[in-house]
Number of protein chains: 2
Amino acid sequence: MTDQPVKKPSRIQTRNRRLILDAALDVFSRDGYGGATLDAIAKGAGLSKPNLLYYFDGKKEIYVTLLSQLLETWLDPLIELDPEGDPVEELLGYVRHKLDISLDLPAESKLFAGEILQGAPRITTHLKDELKPLFDRKCALIQRWIDAGQLAPVDPAHLIFSIWATTQHYADFGAQLSVLLAGQDPTKRAHAHLEQMFRQLLTPETE
Amino acid sequence: MTDQPVKKPSRIQTRNRRLILDAALDVFSRDGYGGATLDAIAKGAGLSKPNLLYYFDGKKEIYVTLLSQLLETWLDPLIELDPEGDPVEELLGYVRHKLDISLDLPAESKLFAGEILQGAPRITTHLKDELKPLFDRKCALIQRWIDAGQLAPVDPAHLIFSIWATTQHYADFGAQLSVLLAGQDPTKRAHAHLEQMFRQLLTPETE
DNA sequence: TCGTTGCTTTACCAATTGGTAAAATTTTTG
DNA sequence: CAAAAATTTTACCAATTGGTAAAGCAACGA
């Protein structure tokens, strides 16, 4: 069973692949998959186009690599929901964490949103294999918390959707926000608002 | 001041422009602006490409026409927020209405989301001139309701963002939802969940 | 019925795009 | 250092794309 034709990558390889992926994130998130060009990515990475294609097999592979790496970062905070912790605080912590990510890494969020928007044609497999099982586990956990009376009765799946929607909104619709808020920084108020909303929704009635 | 070189459009014109815009909505919302092609739109409309360009001056004009028509439909339900009605019910009605639109017209929602996602480069003007003033007026209205004690104290702007985010999510992230919910229809539970969440958030404390 | 106008088709085209072949160069290794 | 391997450049190319020119056809008012 010694099938390891995979050599460890050279320093040059790691550096250039990194450069390419960074540039690609910029371009793909700004122009969408269809609007992005290899020339733009190559330019952004400071490489020639054929050189770029020496590291990746094509436009699609760059894109998919980017997305699947991203998906892991994306799932992490959800994984960290601790069954042992206080349910309300765990979920509010998740909201905070998600919002921080959206505010700090809008390009990543946009890339992901753009792919889903177009029907997720290139990552449905990843969604099914990685996101779905995790999602199901966390829904079950939330349901257990509710059954134990530690959480107000909410629909676990749609609660998660609401968290995703409200937090991602600050990244994905950033262009709209900056028009509507006339450029003022939404960070503090966003945090306060989501905290208020979800705390009220989740806190169980203590009679 | 008799400057009216604008003739009323012929029946053929209205029909073909409609055909084109319908096809364009399909293509743009599925492939994004950059990924969409005039050939695909022409094919969808059942016209030749040059024929299509007889009705519109180019790709961009089709797209912008589509978006600005859409923006009006988009603003309508917000306009209808009635200062005379019961605040909580008015806002919950808005949530319901928005959710219905997302569920019924996902392509429209996706088109809009896609444009914002890419920084709204082609409709910032529209946003500033039409959406912003309306948004400001409605924020002020919500604030008045709060001051009158008819609504729990929330941040008006971020409340609106949350409504937009949660309702649009069902259209824009439809591909993700259908993976996570394994195809079951989210309609009923979505309505119930959002009603529960926003009612709780908005109902003022009656002590 | 004729001429004007409006609509459609045919035949193009220049620019861009994703991608390749192979030579030239640099880096690593024995 | 010399050979082998890895990396980069140069020179391409076929397909696609947004768009045009101009001829053909249809409709309609006088």
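All figures in this text were calculated on a predicted structure; none of them were measured in a lab. The numbers attached to residues start from 1 for each chain and follow its sequence in the written order. As they are written, the chains are lettered A onward and the ligands numbered 1 onward, keeping that order. Two thresholds apply to this predicted model, a pLDDT of at least 70 for residue-level local features and 80 or more for giving and counting side-chain atom pairs, whereas whole-chain, interface and lining totals are computed over all residues. Excluding hydrogens and water, the side-chain values take into account all heavy atoms of the structure.

K.L.:
Can you lay out the interface of chain B and chain A for me, pointing to particular residues and giving the numbers?
P.N.:
Taken together, the 55 residues of chain B in the interface contact 55 residues of chain A. As a working definition, buried area equals the accessible area (1.4 Å probe) given up by two parts on being put together, with both sides summed. Surface buried jointly by chain B and chain A totals about 4,500 Å² across both partners, of which 68% is contributed by carbon and sulfur atoms. Area buried by chain B at its contact with chain A is led by Leu117, His158 and Leu180 of chain B, which between them contribute 16% of it. Salt bridges are defined as contacts in which a side-chain nitrogen from Lys or Arg sits within 4 Å of a carboxyl oxygen from Asp or Glu. Connecting chain B to chain A are 2 salt bridges. Notably, a salt bridge pairs Arg189 of chain B with Asp155 of chain A, separated by 2.5 Å at the nearest N-O pair. Any N or O atom pair separated by 3.5 Å or less is treated as a polar contact, with the protein-specific requirement of one donor-capable and one acceptor-capable atom, and with residues adjacent in sequence counted only for side-chain atom pairs. If you look at where chain B meets chain A, you find 12 residue pairs in polar contact (both at pLDDT 80 or more). Runs of E in the DSSP output that reach at least two residues are strands. Runs of H or I that reach at least four are helices, and both are numbered from the N terminus. Looking at the side of chain B that touches chain A, the elements with two or more residues in it are α1 (11–35), α6 (106–117), α7 (124–147), α8 (156–172), α9 (174–180) and α10 (187–202) of chain B. Among the elements that make up the side of chain B that touches chain A, the one with the highest residue count is α8 of chain B (12 residues). Considered class by class, the residues forming the side of chain B that touches chain A number 29 nonpolar, 17 polar and 9 charged. A contact between two residues is defined here by any heavy atoms of the two lying within 4.5 Å. Ten residue types, Ala, Val, Leu, Ile, Met, Phe, Trp, Tyr, Cys and Pro, are classed as nonpolar, four, Asp, Glu, Lys and Arg, as charged, and the remainder, Gly among them, as polar.

K.L.:
Break down the protein's contact with DNA strand D for me, with residues and values.
P.N.:
What surrounds DNA strand D is a group of 17 residues, the closest being Ser10, Gln13 and Tyr55 of chain A together with Leu38 and Lys49 of chain B. When at least one non-hydrogen atom of a residue lies within 4 Å of a molecule or strand, that residue is treated as near it. Per the 4 Å cut-off to the protein, sugar and phosphate atoms form 59% of the nearby atoms of DNA strand D. Between a phosphate oxygen of DNA strand D and a side-chain N or O atom of Gln13 of chain A, the distance comes to 2.9 Å. One of the side-chain nitrogen or oxygen atoms of Tyr55 of chain A is found 2.4 Å away from a phosphate oxygen of DNA strand D. Broken down by secondary-structure element, the contributors of at least two residues to the surface near DNA strand D are α1 (11–35) and α3 (49–55) of chain A together with α3 (49–55) of chain B.

K.L.:
For the nonpolar core, give the residues involved together with the corresponding values.
P.N.:
Throughout this description, the term nonpolar core refers to a set of buried Ala, Val, Leu, Ile, Met, Phe, Trp, Tyr and Cys residues connected via side-chain atoms within 4.5 Å. Partly exposed residues are those whose accessible area sits between 20% and 50% of the maximum for their type, while under 20% is buried and over 50% is exposed, using a 1.4 Å probe and protein chains only. Judged by nonpolar contacts, the single largest core of 142 residues is most densely connected at Phe28 and Phe198 of chain A together with Phe28 and Phe198 of chain B. Those residues in contact with Phe198 of chain A that lie beyond four places of it in its chain are Leu92, Val95, Leu159, Ser162, Ile163 and Thr166 of chain A together with Met197 of chain B.

K.L.:
An account of empty space enclosed by the protein is requested, with residue identities and associated values reported.
P.N.:
Buried and open spaces are told apart on a 1 Å grid over the protein atoms alone, a cavity being a set of points where a 1.4 Å probe fits but cannot get out and a pocket being an open set with protein on both sides within 12 Å along at least five of seven lines. Residues with an atom within 4 Å of a point are the lining residues. Grid points are joined across faces, edges and corners, and a volume is the space filled by probe spheres set on the points. Within this structure, the stated rule accounts for 4 cavities of 30 Å³ or more. Of the volumes computed, that of the largest cavity is approximately 260 Å³. Lining the largest cavity are 23 residues, and of these Leu117 and Gln118 of chain A together with Gly32, Gly114 and Gln118 of chain B lie nearest its centre. Mapped by element, the contributors of at least two residues to the lining of the largest cavity are α1 and α6 (106–117) of chain A together with α1 and α6 of chain B. Of the residues belonging to the lining of the largest cavity, the class tally is 10 nonpolar, 8 polar and 5 charged. In this structure, the second largest cavity encloses a volume near 120 Å³. Considering the residues around the second largest cavity, the lining is formed by 14 residues, among which Asp172 and Phe173 of chain A together with His169, Asp172 and Phe173 of chain B are closest to the centre.

K.L.:
Can you explain the packing of helix α4 (residues 59–79) of chain A against helix α5 (residues 87–104) of chain A? Please cite residues and give values.
P.N.:
All names here are of chain A. Geometry is summarised by axes, namely lines fitted to C-alpha atoms with helices restricted to the contacting stretch, and by angles between N-to-C directions that run from 0 to 180 degrees. Packing of α4 against α5 leaves a shortest axis separation of 9 Å and a crossing angle of 160°. It follows from the interaxial angle that α4 and α5 lie roughly antiparallel. The handedness of the crossing between α4 and α5 is right-handed. Note on element contacts: α5 touches α4 through Tyr94, His97, Lys98 and Ile101, opposite Trp74, Pro77 and Leu78. Looking at the contact of α4 with α5 residue by residue, the classes come out as 5 nonpolar, 1 polar and 1 charged. For classification, angles of less than 35 degrees are called roughly parallel, those exceeding 145 degrees roughly antiparallel, those between 65 and 115 degrees roughly perpendicular, and all remaining angles oblique. Crossing handedness: left-handed means the near helix sits turned counterclockwise from the far one by under a right angle, and right-handed means the same turn made clockwise.

K.L.:
Outline the domain arrangement of chain A, listing residues and values.
P.N.:
All names here are of chain A. What marks off one domain from the next here is an automatic or database domain assignment. Taken domain by domain, chain A holds domain 1 (11–56) and domain 2 (59–202). Taking the mean C-alpha position of each, domain 1 and domain 2 sit 27 Å from one another. Contacts between the two partners involve 14 residues from domain 1 and, on the opposite side, 13 residues from domain 2. Taking both sides of the interface into account, the surface hidden between domain 1 and domain 2 amounts to around 1,400 Å²; carbon and sulfur atoms contribute 73%.

K.L.:
Which residues make up the protein's contact with DNA strand C, and what values go with them?
P.N.:
Close to DNA strand C lie 19 residues; Leu38 and Lys49 of chain A together with Ser10, Gln13 and Tyr55 of chain B are nearest. Counted by atom, the contact set of DNA strand C within 4 Å of the protein is 62% sugar and phosphate. Here Lys59 of chain A contributes a backbone N or O atom positioned 2.9 Å from a phosphate oxygen of DNA strand C. For the surface near DNA strand C, the secondary structure elements donating two or more residues are α3 of chain A together with α1 and α3 of chain B. Sorting elements by how many residues they give to the surface near DNA strand C places α3 of chain B first, with 4 residues. Grouping the constituent residues of the surface near DNA strand C by class yields 8 nonpolar, 7 polar and 4 charged.

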